[in-house]
Amino acid sequence: MSKTWAIAATIVFANLTLSFTALGAEQHKSQQQPQIVLGEWLKFETSQVKPRLMSNLLGNGAVLASPSQSDPDYYYHWTRDAALTMDTVAGLYEGTADAGERSRYLAAMKNYAYFSRQLLDAPSLSGEQHNHYANLGEPKYFVNGVAFSRDWGRPQTDGPALCAITFLHFLEIAKKDAAERPFDNDTIRAMKEALVANLDYTAYHWHDSGYDLWEEIKGQHFYNGMAQRRALLRGAEWMQQIGQPDTADFYFRQAAALTVQLQRFWDGNRGYLQATLERSGGLDYKSSNLDTAIVLAALHTDENQEFFGPGHDQVLVTAEKLSNVFGVIHPINQRTTDGGGIRLAPGIGRYPEDRYDGNGASEGHGWFLATAALAEVHYRAALHFAANGHIEINKTNAPFFRSLPKVDGESAVLEVADIEQGIALRPSQAKFKATLRAMLLAGDQYLARIRHHASSGGSIAEQFDRHTGFMRGARDLTWSFASLITAADYRNQLLKVLDGKDS
Ligand code: NOJ
Ligand code: NOJ
């Protein structure tokens, strides 16, 4: 690594004198374009990551976690990464009018349907197919569809639920665009078979102890429960529509049991939602039980915004805790402005005690998808408040509102007393919109953090180093791309609500 990254420098650009301490290669970009507004960068960045995401999708429907084949080897189809990515691809399909793009997204969705259908018959170390598709608890597959057969944290019970959620989304598209008939009958059949099997797995295996989304701890996890609950609720509605009321009823009952289980994860003393209960194996040093998985759960499963959705008090304070903790433990976060003087929120990792460095065990770092999740939760909570026409500041969520940044030139800011005593805001009050604007700015500061550590060419890896800020871990991580695309999309939606314009 070159020494120059660590030196303090003063540069003159466009009549502006900027002082900064260069921390990574990405500094180069800020030197060149100190005033580039975030919205412009996001347009550039999403235009870069979309084709990169698409090139990680193989012709047979396998979704590469990353094209990296060594140090680390991520050249596999992970059920979780694939389902989340393909849900994003479905959103891209819905969001574009460009015929060429639409047909490329559609082809990828079809390929993924066939590949997922093929996995139903793939034997795995996670269990037997005849046991309600226990084999589908397998976390990762070779790109030819053969289950990974060496040691791994298995089973992972979130994957089938996420896969079901994605297929329910595809089928909604099929229904909405019925006149266009985007999917042929064979593809619809493959999707439905994959959906039914993944729902069956979820309905019968949700209480199994399994590994968490980071593949490290065995137990009951908030993230998994949220994904399972959403899959079962949506799946039950679908079963009703196709004339299977008994199955629907069984799914509703499982979802109701999950609704009860999930309330147990709130720890009032610590003031945040716990990631795991009833740990039965795996690593044992995650003493805080504080995890970005909570925020991801809210983002990936907002079936009912009131149920631990992005605007939920307990979700918001958990997000605020994460921000606080990572702000302190990752040295890179001591830098709070970029080369152009733009404010940066802390880079966020998976959880404070993390030791996974992207290739082995030493210490954890910032993760792009975790930092994007913090941005997205701010945008989506604001959208939720706007849609409801109501913001309630109370004892539980006060730390979140206290943490919001000041918007330049905004006079209708929340007073200390509003936060300390609690207040209910309605759209007619100036403070209502001002609070939404502060949430937009808070989200933007996370995206500015991503911009700061991303490569100037637009590529993003899995992680950025907690000391140097340089990217590390798997390059071109598919899930990183998907997370940025969805965060940018919700940011646009919020801008429309606030200003009636795009960016
Ligand atoms: C690989 C997993 O994908 C990662 O999440 C985990 O932290 C390491 N193995 C260490 O268990
Ligand atoms: C490690 C992450 O912890 C896990 O969540 C992910 O599924 C794999 N890498 C593949 O990206």
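The following paragraphs examine the structure supplied in this document. (Residues numbered from 1 in each chain as written. Chains lettered and ligands numbered in written order. Predicted model: local features only at pLDDT ≥ 70, side-chain atom pairs only at ≥ 80, totals over all residues. Heavy atoms only, no water.)

Thoughts on the site of ligand 2
Part 1: As a matter of local geometry, ligand 2 sits amid 13 residues, with Tyr-74, Arg-80, Asp-81, Leu-213 and Arg-350 nearest to it.
Part 2: The side chain of Arg-80 places a nitrogen or oxygen atom 3.2 Å from an oxygen atom of ligand 2.
Part 3: Leu-213 has a polar backbone atom sitting 2.7 Å from an oxygen atom of ligand 2.
Part 4: Considering ligand 2 on its own, with 300 Å² of exposed area, one finds that the protein chains cover 98% of that surface.
Part 5: Partitioned by chemical class, the residues of the shell around ligand 2 number eight nonpolar, no polar and five charged.
Part 6: Residue contributions to the shell around ligand 2 reach at least three from each of two domains, namely domain 1 (1-69 + 315-503) and domain 2 (76-284). (Near = heavy atom within 4 Å. Polar contact = N/O pair within 3.5 Å; in protein donor to acceptor, adjacent residues only side chain to side chain. Areas by Shrake-Rupley, 256 points an atom, 1.4 Å probe, with all protein chains shown as cover. Nonpolar A, V, L, I, M, F, W, Y, C, P; charged D, E, K, R; others polar. Domains from an automatic or database assignment.)

Points about the pattern of salt bridges
Part 1: By the definition in use, this model includes 27 salt bridges.
Part 2: Between Glu-180 and Arg-102 there is a salt bridge whose closest N-O contact spans 3.5 Å. Of this pair, Glu-180 sits in the loop between α5 (158-176) and α6 (185-205) while Arg-102 sits in helix α4 (residues 99-119), placing them 78 residues apart in sequence.
Part 3: On the accessibility criterion, Arg-102 (18% relative accessible area) is buried.
Part 4: Arg-234 is the salt-bridge partner of Glu-172, the closest N and O atoms lying 3.9 Å from each other. Linking Glu-172 in helix α5 with Arg-234 in helix α7 (residues 222-241), this pair joins segments that are 62 residues apart in sequence. (Salt bridge = Lys/Arg side-chain N within 4 Å of Asp/Glu carboxyl O. Helix = DSSP H or I, 4+ residues; strand = E, 2+ residues; numbered from the N terminus. Buried < 20%, exposed > 50% of the residue type's maximum accessible area, 1.4 Å probe, protein only.)

Section: unusual backbone geometry
Of all residues except glycine, most have a negative phi; of all peptide bonds, most are trans.
Part 1: In this chain, Asp-71 is followed by Pro-72 through a cis amide linkage whose omega measures 0°.
Part 2: Position of Pro-72 relative to the elements: it lies in the loop between α2 (38-55) and β3 (77-78).
Part 3: Cis rather than trans, the peptide bond between Arg-154 and Pro-155 has omega equal to -5°.
Part 4: Mapped onto the elements of the fold, Pro-155 is located in the loop between β4 (140-141) and α5.
Part 5: Not every positive phi belongs to a glycine, and Tyr-133 is a case in point at roughly 55°.
Part 6: Checked against the element boundaries, Tyr-133 lands in the loop between α4 and β4.

A short note on empty space enclosed by the protein
Part 1: In total, this model carries four cavities of 30 Å³ or more according to the counting rule given.
Part 2: One number sums up the size of the second largest cavity: a volume of about 80 Å³.
Part 3: Lining the second largest cavity, in full, are His-77, Thr-79, Tyr-112, Ser-116, Leu-119, Leu-136, Pro-160, Cys-163 and Asn-198.
Part 4: For the lining of the second largest cavity, the secondary-structure elements that each account for two or more residues are α4 and α5.
Part 5: Of the residues belonging to the lining of the second largest cavity, the class tally is five nonpolar, four polar and no charged. (1 Å grid on protein atoms, 1.4 Å probe; cavity = no way out; pocket = protein on both sides within 12 Å on 5 of 7 lines; lining within 4 Å. Points joined across faces, edges and corners; volume = space filled by probe spheres on them.)

Remarks on the side chain of Thr-88
Part 1: Residue position: Thr-88 is located in helix α3 (residues 79-95).
Part 2: Those residues in contact with Thr-88, other than ones at most four positions away along the chain, are Ala-482, Ile-485 and Thr-486. (Contact = heavy atoms within 4.5 Å.)

Concerning the packing of aromatic side chains
Part 1: Evaluated as defined, the whole model comprises 21 aromatic pairs.
Part 2: Judged by centre distance (6.3 Å) and plane angle (15°), the ring pair of Phe-170 and Phe-183 falls under stacked. Of the two residues, Phe-170 is situated in helix α5 and Phe-183 in the loop between α5 and α6; the sequence distance between them amounts to 13 residues.
Part 3: For Phe-170, a relative accessible area of 0% puts it in the buried group.
Part 4: Aromatic pair Phe-222 and Phe-265: ring centres 5.6 Å apart, planes at 65°, arrangement edge-to-face. Remark: Phe-265 occurs in the loop between α8 (245-263) and β7 (266-267) and Phe-222 occurs in helix α7; sequence separation between them is 43 residues.
Part 5: We classify Phe-222 as buried; its relative accessible area is 0%.
Part 6: You can call Phe-265 buried: its relative accessible area is 4%.
Part 7: Among the aromatic residues, those joined into a cluster by ring pairs are Tyr-74, Tyr-76, Trp-78, Phe-142, Phe-148 and Trp-152.
Part 8: Its end group placed over the ring of Trp-152, Lys-140 keeps NZ or CZ at 3.6 Å from the ring centre. (Phe/Tyr/Trp six-rings, centres within 6.5 Å; stacked < 30°, edge-to-face > 60°. Lys NZ or Arg CZ within 6 Å of the ring centre and 35° of its normal.)

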